[in-house]
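Here are the chains, one letter per residue:
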Amino acid sequence: MLAEMGLAPVWRLKNRETKGWIPLRATVSGCTKCALHQTRTQTVFGVGDENADWMLIGEAPGAEEDRLGDPFVGQAGKLLDSMLAAIGLSRQENVYIANVLKCRPPGNRNPSPEEVAQCSPHLLQQIELVKPKLILAMGRFAAQTLLKTDASISSLRGRVHRYAGLPLIVTYHPAYLLRTLEDKAKAWEDLVFARKTMQGL
Ligand code: URA
């Protein structure tokens, strides 16, 4: 009856209010759970298609991301965009990009375990909302954190892992590729592997 009248039951509205993108964005932008809130310019939530099949996860915002509020907007982001384009993807369509941490660690130092522990629930909620078919973990930090391992990127590449019940593939971080051109071919292999895996899902 309520549905026929175009009204949602109250419990559903409540569910939407506490579980959707809007409350999550508000929670992240006001987050003070770790000391990074004292040094950030702003939080860097995530960007892209909120119903994407692909979810790409990096480490943490850098200086440009902290300044502009979106992930991967610096040089590494430009490389990421062109790698995505090479497999027919773009951050506007069917791709969602987020980081393990939503705030910039000062001086681009590695995130601490405490920061990761406090920030991980935000990422998990993003994954729940996007419901991607496949996650691409970019770089050693994202891969090791999500998979809870110390293993090297090279030993984690080329296989399908699982995170939060979803297939996860590991590749190099675009910033690393900017410094290590010889590994670009391997990153390309990873993307082709990821695309093939996606096609089989
Ligand atoms: N490196 C990351 O891991 N994430 C960004 O958003 C930018 C650089």
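For the structure itself, consult the block above.
The present account deals with the structure reproduced in this document. Quantities reported herein were computed from a predicted structural model and do not represent experimental measurements. (Residues numbered from 1 in each chain as written. Predicted model: local features only at pLDDT ≥ 70, side-chain atom pairs only at ≥ 80, totals over all residues. Heavy atoms only, no water.)

1. Here we look at the environment of A76
Examined against the element boundaries, A76 turns out to sit in helix α4 (residues 75-86). Overall, the relative accessible area of 14% leaves A76 in the buried class. With 119 residues separating them along the chain, A76 and R195 place their C-alpha atoms 21 Å apart. Other than its neighbours up to four places away in sequence, A76 contacts P174, A175 and L178. (Helix = DSSP H or I, 4+ residues; strand = E, 2+ residues; numbered from the N terminus. Buried < 20%, exposed > 50% of the residue type's maximum accessible area, 1.4 Å probe, protein only. Contact = heavy atoms within 4.5 Å.)

2. Digging into helix α6 (residues 140-147)
Summarising burial for α6: seven of the eight residues are buried, a large majority. When α6 is considered as a whole, its buried residues turn out to be F141, A142, A143, Q144, T145, L146 and L147. Residues of α6 that are buried sit in contact with β2 (54-58), α5 (113-130), β4 (134-138), α7 (153-156), β5 (161-163) and β6 (166-171).

3. Notes on the site of the ligand
Taken together, the neighbourhood of the ligand is formed by G58, E59, A60, E65, P71, F72, N99 and H173. Separating a nitrogen atom of the ligand from a backbone N or O atom of A60 is a distance of 3.1 Å. Of all the cavities here, the one that holds the ligand is the largest pocket. When the residues that make up the shell around the ligand are grouped by side-chain class, the tally is three nonpolar, three polar and two charged. (Near = heavy atom within 4 Å. Polar contact = N/O pair within 3.5 Å; in protein donor to acceptor, adjacent residues only side chain to side chain. 1 Å grid on protein atoms, 1.4 Å probe; cavity = no way out; pocket = protein on both sides within 12 Å on 5 of 7 lines; lining within 4 Å. Sits in = over half its atoms within 2 Å of the grid points. Nonpolar A, V, L, I, M, F, W, Y, C, P; charged D, E, K, R; others polar.)

4. So, the layout of surface pockets
Space inside the largest pocket adds up to approximately 640 Å³. Those elements giving two or more residues to the lining of the largest pocket turn out to be α3 (63-68), α4, α6 and α8 (174-179). (Points joined across faces, edges and corners; volume = space filled by probe spheres on them.)

5. A word on the environment of R104
Residue position: R104 is located in the loop between β3 (95-99) and α5. Between the alpha carbons of R104 and D66 there is a distance of 6.2 Å; along the sequence they are 38 residues apart. Other than its neighbours up to four places away in sequence, R104 contacts L36, T39, P61, G62, A63 and D66.

6. Brief notes about the pattern of salt bridges
Oppositely charged side chains can pair when the atoms bearing their charge come close. In the structure shown here, the tally under the stated rule is six salt bridges. Here R91 ties to D81 by a salt bridge, and the two come within 3.0 Å at their closest N and O atoms. One end of the pair, R91, is in the loop between α4 and β3; the other, D81, is in helix α4, with ten residues separating them in the sequence. The salt bridge partner of D190 is R157, with a shortest N-O separation of 2.9 Å. Pair noted here: D190 is in helix α9 (residues 184-199) and R157 is in the loop between α7 and β5, with a separation of 33 residues, a long-range link. Accessibility assignment for this pair places D190 and R157 in one class, buried. Several salt bridges share partner residues, and in doing so they unite R157, E189 and D190 into one network. (Salt bridge = Lys/Arg side-chain N within 4 Å of Asp/Glu carboxyl O.)

7. Concerning the packing of helix α2 (residues 21-29) against α5
Where α2 contacts α5, the two axes come as close as 11 Å, and the packing angle between them is 160°. As summarised for this structure, α2 and α5 are arranged roughly antiparallel, according to the angle between their axes. Of the two possible hands of crossing, α2 and α5 adopt the one that is left-handed. Of α5, the residues touching α2 (which contributes W21, L24, T27 and V28) are H122, Q125, Q126, L129 and V130. (Axes fitted to C-alpha atoms, helices over the stretch in contact; angles between N-to-C directions. Parallel < 35°, antiparallel > 145°, perpendicular 65-115°, else oblique. Left-handed = near helix turned anticlockwise from the far one by under 90°.)

8. Points about the nonpolar core
Among soluble globular proteins, nonpolar side chains are generally buried collectively. Formed by 55 residues in total, the largest nonpolar core has its most connected members in W54, M55 and L56. Setting aside anything within four residues of it in sequence, one finds W54 in contact with I87, L89, N94, V95, Y96, P132, L134, A194, R195 and M198. (Core = buried A, V, L, I, M, F, W, Y, C linked by side-chain atoms within 4.5 Å.)

No statement about biological role is implied by the geometric values presented.
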